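# Structural features, examined
The lines below spell out each chain.
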Amino acid sequence: MGIKDLTTMGESQVDIKNEIRQRMDKLVEELPDFCFQCGKCTSGCEAYKLLELEPHRIVALLKRGLIDEMINSDVIWTCMSCFKCRERCPQRVAPVDILFSLKNLSVLQGKQIPGKFTGMLQSILSSGLIQGIQEVTTCDNRTVTRDDLGLPSLITPDSGSFQVSKIAIEKI
Amino acid sequence: MKQYGFYLGCLMPTEQYAYELSLRETLPHLDIELIDLPGASCCGEPMKSINQLMTLYLSARNIAIAEKKSLDIFAPCAMCHLALTECQHILQHNESMKNRINSLLAQEDLEMKGTSRIFHTVDLLHDVVGLDLLKHAVKNPVALKVATHYGCHLIRPSEIGRPVDSENPQKMENILITLGATPVDYPQKLDCCGAPILAHLPESALTKTGQKLQAIQDQGFDALVTVCPWCQKMFDARQQKAGEIIAATLNIPVFYLSQLLGLALGIDKKKLGLHLNHSSVNSLEVEEL
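Residues numbered from 1 in each chain as written. Chains lettered and ligands numbered in written order. Predicted model: local features only at pLDDT ≥ 70, side-chain atom pairs only at ≥ 80, totals over all residues. Heavy atoms only, no water.

## Some thoughts on the pattern of salt bridges
- Summed over the entire model, instances satisfying the criterion amount to 22 salt bridges over all chains.
- Residue Glu167(B) pairs with Arg88(A) through a salt bridge whose shortest N-O separation is 2.8 Å. Of this pair, Glu167(B) sits in the loop between α7 (152-155) and α8 (171-178) while Arg88(A) sits in helix α7 (residues 84-88), each in a different chain.
- For Arg88(A), a relative accessible area of 23% corresponds to the partly exposed category.
- In this structure, Asp127(B) engages Lys171(B) in a salt bridge whose closest nitrogen and oxygen atoms are separated by 2.7 Å. Taken together, the positions of Asp127(B) in helix α6 (residues 121-137) and Lys171(B) in helix α8 put the pair 44 residues apart, joining distant regions of the chain.
- Linked through salt bridges whose partners overlap, the residues forming this network are Arg86(A), Arg92(A), Asp97(A), Glu45(B), Lys48(B), Glu86(B) and Glu159(B). (Salt bridge = Lys/Arg side-chain N within 4 Å of Asp/Glu carboxyl O. Helix = DSSP H or I, 4+ residues; strand = E, 2+ residues; numbered from the N terminus. Buried < 20%, exposed > 50% of the residue type's maximum accessible area, 1.4 Å probe, protein only.)

## Points about the sheet that holds strand β2 (residues 32-36) of chain B
Residue and element names in this part refer to chain B.
- What the four strands build is an open sheet, ordered β2-β1-β3-β4; its pairing is parallel. Edge strands, defined here as strands with exactly one partner in the open sheet, are β2 and β4 (118-119).
- With three bridges joining them, strand β1 (residues 2-6) and strand β3 (residues 72-74) adopt parallel strand pairing. In the strand pairing of β3, Tyr-4 is matched with Asp-72. (Pairing = 2+ DSSP bridges.)

## Side note on the domain arrangement of chain B
Residue and element names in this part refer to chain B.
- By domain assignment, chain B separates into domain 1 (2-119) and domain 2 (139-288).
- Taken together, the contacts link 25 residues of domain 1 with 27 residues of domain 2.
- When domain 1 packs against domain 2, the two sides together hide about 2,300 Å² of surface, and 74% of this comes from carbon and sulfur.
- Linking Lys-233 and Glu-15 is a salt bridge whose minimum nitrogen-to-oxygen distance equals 3.4 Å.
- Summed over the shared surface of domain 1 and domain 2, the result is six residue pairs in polar contact (both at pLDDT 80 or more). (Domains from an automatic or database assignment. Contact = heavy atoms within 4.5 Å. Buried area = accessible area lost by both parts, 1.4 Å probe. Polar contact = N/O pair within 3.5 Å; in protein donor to acceptor, adjacent residues only side chain to side chain.)

## Observations concerning the confidence of the model for chain B
- Averaged over all residues, the pLDDT of chain B is 95; the fraction at 70 or higher stands at 98%.
- Interface scoring of the predicted complex returns ipTM 0.93; its pTM is 0.93. (pLDDT = per-residue confidence, 0-100.)

## Considerations on the sheet that holds strand β8 (residues 254-256) of chain B
- Spatial strand order, β6-β5-β7-β8 (chain B): four strands in an open sheet with parallel pairing. Edge positions in the sheet fall to β6 (182-183) and β8 of chain B, since each has one partner strand and no second.

## Quick notes on helix α2 (residues 17-26) of chain B
- Along α2(B), eight of the ten residues are buried, which leaves the element largely enclosed by surrounding structure.
- For α2(B), the full list of buried residues reads Tyr17(B), Ala18(B), Tyr19(B), Glu20(B), Leu21(B), Ser22(B), Leu23(B) and Thr26(B).

## Concerning the interface of chain A and chain B
- At the junction of the two partners, chain A supplies 62 residues and chain B supplies 64 residues.
- Overall, the association of chain A and chain B removes approximately 5,600 Å² of surface from exposure, summing both partners, and the carbon and sulfur fraction of that is 63%.
- At the boundary of chain A with chain B, the tally comes to six salt bridges.
- In this structure, the salt-bridge partner of Arg86(A) is Glu86(B), at a minimum N-O distance of 3.2 Å.
- Of all the secondary structure elements, the ones that give two or more residues to the side of chain A that touches chain B are α2 (14-34), α4 (48-51), α7, α8 (95-108), α9 (117-127), β1 (136-137) and α10 (159-171) of chain A.
- By residue number, the principal contributor to the side of chain A that touches chain B is α10(A), which donates seven residues.
- The residue makeup of the side of chain A that touches chain B, split by class, is 34 nonpolar, 15 polar and 13 charged. (Nonpolar A, V, L, I, M, F, W, Y, C, P; charged D, E, K, R; others polar.)

## Points about the pairing of β1(B)
- Pairing geometry for β1(B) and β2(B), over five bridges, is parallel. The residue bridging Tyr4(B) from the neighbouring strand is Leu34(B), located in β2(B).

## Regarding the environment of Lys208(B)
- Among the secondary structure elements, Lys208(B) is positioned in helix α9 (residues 202-218).
- Each C-alpha atom, one on Lys208(B) and one on Tyr4(B), is 34 Å from the other, the two residues being 204 residues apart in sequence.
- Once residues lying within four places of it in the same chain are set aside, the contact partners of Lys208(B) are Glu46(A), Leu50(A), Met80(A), Cys192(B), Cys193(B) and Gly194(B).

## Considerations on the state of the cysteines
- For the structure on display, the rule yields zero disulfides over all chains.
- Here Cys41(A) stays free of any disulfide, with the sulfur of Cys38(A) as its closest cysteine sulfur at 6.3 Å. (Disulfide = S-S within 2.5 Å.)

## Observations concerning the packing of helix α5 (residues 55-63) of chain A against α8(A)
All names here are of chain A.
- Two numbers describe how α5 lies on α8: the axes approach to 9 Å, and their chain directions differ by 60°. In terms of orientation, α5 and α8 fall into the oblique class. Crossing handedness for the pair α5 and α8: left-handed. Every residue of α8 that contacts α5 at Pro-55, Ile-58, Val-59 and Leu-62 is listed here: Pro-95, Ile-98, Leu-99 and Leu-102.
- Among the residues making up the contact of α5 with α8, the classes are represented as eight nonpolar, no polar and no charged. (Axes fitted to C-alpha atoms, helices over the stretch in contact; angles between N-to-C directions. Parallel < 35°, antiparallel > 145°, perpendicular 65-115°, else oblique. Left-handed = near helix turned anticlockwise from the far one by under 90°.)

This is how it looks when you write it as structure tokens:
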């Protein structure tokens with residue numbers, strides 16, 4: 001998928017939307033039935049105490065088909081993707097993966113992408129990495145980069161071949 | 001020498017130079033040769049919230065680059081290690097997705113077969129190098145009482161295969177004991193560093209960081225040891241900021257495991273990038289080492 005599509009939703013993306021919709025429908029149909037609301041996911045959730053994310057509630061809302069409501073809520077972006085809920089669920093429901101799908105769907109529907117994600121994505125599409133080579137400060141206040149430290153120069157994807165990747169990503 | 005494709009990821013080669021320096025410096029002493037992988041890109045994990053298929057494509061592309069050289073992969077970042085392992089796991093179990101990704105990779109003359117094994121710093125030292133060889137290589141035991149932080153992505157989800165146990169990881173502890181340190185378990189050991197939400201909820205992220213550091217400081221540890229550039233960035237470079245956010249004075253030295261390894265092997269501090277740590281690692285060395 002191209003950056004233009006992600007940030008402006010300039011072009012329609014019927015295929016991808018269908019695919020993610022299908023994934024969501026599959027999740028709605030299958031996963032939440034196994035959930036018996038034991039709350040083990042929420043008791044260990046890294047984002048619960050600080051940001052009031054309740055994974056068991058996300059699963060319950062999904063069971064009721066309240067996908068649009070969740071997509072419009074900021075709460076799906078509070079997940080720290082620590083995978084404790086997936087690890088500890090006795091029924092293998094994986095709220096963290098439900099949250100990833102909800103966030104993907106939210107992006108596809110043109111909702112505002114929070115924070116620095118857009119910048120990181122632009123950087124990946126132009127240089128292959130989430131950011132360029134940074135200057136860092138030493139303990140005696142000098143500024144250095146890779147070269148000064150004697151590290152080999154970084155060979156990122158060359159723009160010619162990565163162009164292909166970009167097209168590939170757009171097709172995704 | 002055993003050869004590994006050195007998959008750098010994003011954060012280590014663009015900012016967390018100390019990790020790269022110390023790995024490149026120490027591993028050749030332990031019979032490990034690192035081969036660079038030109039043209040490798042981001043693993044895609046930071047973009048998983050935006051588009052999971054993009055994550056899968058980018059991970060498969062990087063694995064394919066290593067496979068083209070018939071190399072196993074050494075991914076020292078916990079996030080990259082998860083992305084690559086999960087990609088391999090998904091494509092092994094989903095033939096149609098594998099074909100779809102490979103048809104895209106074919107344009108760059110790449111193919112992801114799933115033959116390369118993926119290693120992280122912890123299992124490379126613990127299982128490949130082995131504690132016996134490590135013990136013989138130690139010249140200056142590092143006598144510190146240390147807390148360990150593995151990073152969430154390194155220990156979970158165990159379903160796809162992780163290098164350490166998900167609820168009671170001990171491999172770093174075993175390595176540190178071999179290096180002469182005294183690792184002690186603590187209640188907050190499995191808590192998150194906060195990095196995954198740094199991009200959009202920085203204050204909450206740094207609150208997580210600060211709370212964990214405060215707990216470690218209160219329990220009287222000499223230092224914290226990490227094995228992930230994201231976790232290290234939070235605990236080391238952002239320590240002061242995290243302290244400001246939770247209104248506490250934090251002063252706990254934070255090392256990469258490979259830096260302590262280098263000190264134990266008797267390697268010069270500067271070659272290990274210790275002058276790049278922002279936490280007070282240098283004051284500690286003068287007193288203790």
